Amino acid sequence: MSSHPSLRHLYNFSGWVIHEMQVAQDLVVIKLHRDKRHRIYCPHCIRKAGLNRKVMQTAYDLPVGPANLVIVQYEALQGYCSHCKSHFTIHPQEIDRYAHATTRLMHYVCRLCRFMPADKIPVFLPISASTARRWDKRILAKHLPNPDLDNLRILLIDEKSIGAHHHYMTVVINGETGEVLHLAEGKKKTSLESFFHQLTQKQIKKIKAVGIDRAGAYKAVIEEYAPKAQIVFDKFHIVSNLNAAVDEVRRSEWRNAAKEDKKFIKGQRFNLLRNAQNLRDEQCDSLARLFEANEVLSQAYLLKDAFSTLWTYVRPKWASKFLDNWIDWAKETGLKSLVRFAKGVDRDRNEILAWIKHRITSAKLESFNATINRIVKRACGYRDLDYLYLKIRQEAAPPVLQL
Ligand SMILES: [Zn+2]
């Protein structure tokens, strides 16, 4: 080992001076002593305080040259303040005393974790993957800006199932900017309530509309915490409910069809559920043959097709009239699944018509889903929801943050 003084300026720790440096091929040890010119001040009341003893501590630092392992050894100062009657320990401000690492190393790990799985960090640095995750989380929690809760007008709330074990979480997104505002375990009332608890009354009053799925516990929470906000049921959920009802008709027709009629129904599932304008000519022909042979499916299909007109209305009042007619028509068919759907539409009329006014789309949720799948795969799994939330927020943060 040899001393190499020109490296010294890389190791400025305020209040400490370099006492000794040991440089080897794969290891650098920097030994620090207290700079005696600095007075000791109580960190609690910032008054002069006495020093009781020094305790040797070590911290990891950034690799230098071929040396992957760089260790800073320093004397942590333990003292007692007679003014505020408290014990204290002073570490260099450049060192995170809990992580036993310099903050610059932790920031570096955090930057790496933005682009590679934490599992790969041990390839580059002498720390474990779990340490990398812990540091990454700590730096993100400290430096990521908080979500902007002051100008929320449109919210999107959804439940998301992650992992193989149907682990659910509730996510709240700013419907206009796509910013992720909240992530919580489960899909129950409490999962959403914890979001509203963060908001002031002034912030809540600005919320005009909240887009949610029809099922689930969110509606009651919104009605309780943001009674002025209009609840909007997600258009795509409604459409998929209708498709499910039509598909139920198809299945029951298949079961009841005579053997020679089954050939008309076979392979028609996607033709029936697809939008008419997306069908190829031969698919249209095959549907036409089916409708000639099967009156019930023909009716179901016409109903389904007509429903899409609802979304083209501009005025909720006209849309409501259209809905009345459609519901009557659906009931007249007597088809069980469609009657059930129509009754549900009637019950949820306000929340469905609210879409006409607010035109909330779930596009922002879709892009969130893409982001979260990527992050879960790459970064951290889904066990630590707080960390996952930070990683999602980091994704949205501008790269100039250099986190
Ligand atoms: Zn004090």
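Residues numbered from 1 in each chain as written. Predicted model: local features only at pLDDT ≥ 70, side-chain atom pairs only at ≥ 80, totals over all residues. Heavy atoms only, no water.

Student: Please provide a residue-by-residue account of the overall build of the chain, values included.
Tutor: Helices and strands together make up the secondary structure of the chain, namely 16 helices and 12 strands. Here the C-alpha atoms of the chain give a radius of gyration of 31 Å, more than 25% beyond the 22 Å that 2.2 N^0.38 yields for 403 residues. Over its C-alpha atoms, taken along the principal directions, the chain stretches across nearly 95 × 50 × 30 Å. The buried share of the chain, taken over its 403 residues, is 46%. Taken as a whole, the chain presents about 21800 Å² of accessible surface, with 51% of it coming from carbon and sulfur. The average position of the 64 basic charges and that of the 42 acidic charges among the side chains of the chain differ by 8 Å. (Helix = DSSP H or I, 4+ residues; strand = E, 2+ residues; numbered from the N terminus. Rg over C-alpha atoms; globule rule 2.2 N^0.38 Å. Buried < 20%, exposed > 50% of the residue type's maximum accessible area, 1.4 Å probe, protein only. Areas by Shrake-Rupley, 256 points an atom, 1.4 Å probe, with all protein chains shown as cover. Lys, Arg positive; Asp, Glu negative; His and termini not counted. Charge placed at Lys NZ, Arg CZ, Asp CG, Glu CD.)

Student: Explain the coordination of the zinc ion to me, and be specific about the residues and the numbers.
Tutor: Binding of the zinc ion to the protein goes through Cys42 (SG), Cys45 (SG), Cys81 (SG) and Cys84 (SG), at separations of 2.2 to 2.3 Å. Of note is the zinc ion, whose 4 donor atoms meet at the metal with angles of 104 to 122° in an arrangement that counts as tetrahedral. Between consecutive donors of the zinc ion, the numbers of intervening residues give the motif C-x2-C-x35-C-x2-C. Note that cysteine 42 is positioned in the loop between β2 (27-34) and β3 (50-61) and cysteine 81 in strand β4 (residues 69-81), a separation of 39 residues in sequence. Since its relative accessible area comes to 1%, cysteine 42 is described here as buried. (Donors = N, O, S within 2.8 Å, 3.2 Å for Na, K, Ca; no water. Tetrahedral: all angles 85-135°; square planar, octahedral: opposite > 155°, others 65-115°.)

Student: Help me get a handle on the pattern of salt bridges, residues and values and all.
Tutor: For the structure shown, the criterion picks out 21 salt bridges. Two residues, arginine 251 and aspartate 247, come together in a salt bridge whose shortest N-O distance is 3.8 Å. Remark: aspartate 247 and arginine 251 occur in helix α7 (residues 235-256); sequence separation between them is 4 residues, near one turn of the helix. What makes arginine 251 partly exposed here is its relative accessible area of 39%. (Salt bridge = Lys/Arg side-chain N within 4 Å of Asp/Glu carboxyl O.)

Student: Let's hear about the sheet that holds strand β11 (residues 209-212): which residues, and what values?
Tutor: An order of β10-β9-β8-β11-β12 is seen for the 5 strands of this open sheet, with the pairing classed as mixed. Each edge of the open sheet carries a strand with a single partner, namely β10 (180-185) and β12 (230-233). On average, each strand axis in the sheet is inclined to that of its neighbour by 20°, with strand direction left out of account. Where strand β8 (residues 154-162) and β11 come together, 3 bridges link them in parallel fashion. By the bridge assignment for β11, leucine 155 is matched with valine 210. The strands that helix α16 (residues 385-396) touches are β8, β9 (167-174) and β10; relative to β10, the one it contacts most, it runs at about 160°. (Pairing = 2+ DSSP bridges. Axes fitted to C-alpha atoms, helices over the stretch in contact; angles between N-to-C directions. Contact = heavy atoms within 4.5 Å.)

Student: Requested: an account of the pairing of β4, with residues and values cited.
Tutor: Of the pairings in the sheet, the one linking β2 to β4 comprises 5 bridges and is parallel in character. If you follow lysine 31 over to β4, its bridge partner there is glutamine 73. Two strands pair when backbone bridges link them, and β3 and β4 are joined in this way by 11 bridges, in the antiparallel orientation. The partner of alanine 59 across the bridge, within β4, is valine 72. Across 5 bridges, the pairing between β4 and strand β5 (residues 86-90) is antiparallel. Each residue of the ladder has a partner; that of glycine 79, found in β5, is phenylalanine 88. A loop of 4 residues connects β4 with β5, the two strands running antiparallel in sequence, and lysine 85 in this loop sits at a positive phi of about 50°.

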